[in-house]
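The lines below spell out each chain.
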Amino acid sequence: MTAAGAVTLTRDEAAAQSLAFGTAGHALLAIEQAFNGADTWATAQRLIKQATAGRVDAGTHTGLYYGAPAIAFLLHTTTADGCERFPAARQALDVHVRRLTRRRLTAAGERLRQDRAATFAEYDLFTGLIGVGVLLMRCAPGSDELGDVLRYVVRMVQPRYHDGVHVPGWWVDHDPDPLLPTPGGHANLGMAHGAAGLLAFLAHAARHGHTVEGQNEAIGWLCAFFDQWRQDSASGVWWPQWITRDQLRTGRPTHDGPGRPSWCYGAAGIARAQQLAAIATGDRTRKTTAELTLAACLTRPQLGMLTDTGICHGFAGLYQTAYRAAADTTNHVIAEQLPALAALITDAEHGGDTGFLTGNTGVALTTQTIRTGQPPQSRWDACLLIA
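Residues numbered from 1 in each chain as written. Predicted model: local features only at pLDDT ≥ 70, side-chain atom pairs only at ≥ 80, totals over all residues. Heavy atoms only, no water.

> It is not clear to me how helix α5 (residues 87-113) should be interpreted in this structure. Could you clarify?
Each turn of an α-helix holds 3.6 residues, which means side chains three or four residues apart point in the same direction. Over its 27 residues, α5 runs 39 Å from end to end, which matches the ideal 39 Å to within 8%, given 1.5 Å per residue. For α5, the set of buried residues is R90, L93, D94, V97, L100, T101, R104, L105, A108, G109, R111 and L112. At the exit of α5 stands D115, carrying a positive phi of roughly 55°. (Helix = DSSP H or I, 4+ residues; strand = E, 2+ residues; numbered from the N terminus. Expected span 1.5 Å × (residues − 1). Buried < 20%, exposed > 50% of the residue type's maximum accessible area, 1.4 Å probe, protein only.)

Right, dumping it as structure tokens:
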């Protein structure tokens, strides 16, 4: 394995080091199976070698789901049982990750000084500093870099003016999806790209003793933002996927009912983020409300809105999110719904997508949780910000 900065990789090299769609995700499954006896370490080692056989991209565009940070996360999952597997590779990659973090923080600081809008690539879980922060909590929990990522998040969530409009600090000018334009920009609410991810990251850090000045205030502001945009319906509490300029002006979303209760954008991921925040701050009322909200996602009609089995926006992501939430409460309202959801996953026919994020690999990882009835030994689901 050779970690390299600005290089041009072949298609196969790039695919291998993708956690979302490539070999790195397949290796994540093999590692968890090796831990729980469903497969051997020989299989895991073979896939890890495939993922790292070529040059590993360590450019500034890499993040938790691609390149050096993705491979570092993968290798750190192998040490969950206390065994020091791949120590030299992990140490080398950790150096690259910390150097990458510094470069990314410098660029983000310059953007903030120029008072320009953020981008998903700067801050989100998949490609941005939240994802890098997740990795740092695992590989360098006492580092200056983790503290500086937390300070960055605390600073960037504060409201700002954008073209004369008071907007959340993570406001972006670009669309959430090329097929879903948001003229004038938007503020995302989801776990993958938005406020829920920011909140979950700050809450996880606080729960593990990683705090900086202003962190509790930032958690409070994000919770207040979710309170402002909370919508109540007969089928449960929900939030819009994002807020546009027009919605900021009117103070209400443009659609009148909940979307699918997915991990990435839906009420399930948002509720888990709020539960984590409530645990971190001792807010019992918010914790109970979040748990009831997540429980409602596990019943119809909300459950019927999911149309696939994958992690990102399907049954597997909902199950793993709910499983982790159930483990953090003495209220049985979530746990009581899990067997029925598990049956939907294990009985389903799975398509041809083999990836972690949207395909069979992610479903198989969740199936391991269902089969063992235990939290993942590798803590692979830390990359979803739910654990």
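> Is there a simple way to think about the UniProt feature "binding site: Zn(2+)" (unreviewed entry) in the chain in this case?
Mapped onto this numbering, the UniProt entry annotates "binding site: Zn(2+)" (unreviewed entry) at C264, C312 and H313. A compact arrangement is adopted by the annotated residues: their sequence extent is 50 residues, whereas the largest C-alpha distance between any two is 6.0 Å. With respect to the element layout, C312 can be found in the loop between α13 (284-297) and α14 (315-327). With a relative accessible area of 10%, C312 lands in the buried category. Not counting chain neighbours up to four residues away, the residues in contact with C312 comprise S262, W263, C264, L357 and T358. Note on placement: H313 falls in the loop between α13 and α14. The exposure class assigned to H313 is partly exposed, which follows from its relative accessible area of 21%. With sequence-adjacent residues up to four places away left out, H313 is seen in contact with R260, S262, C264, L306, D308 and T358. (UniProt positions renumbered as here; feature names shortened; annotations may be inferred. Contact = heavy atoms within 4.5 Å.)

> Sorry, what's going on with the environment of D283 here?
Considering the arrangement of structural elements, one finds D283 in the loop between α12 (267-281) and α13. With 14 residues separating them along the chain, D283 and C297 place their C-alpha atoms 22 Å apart.

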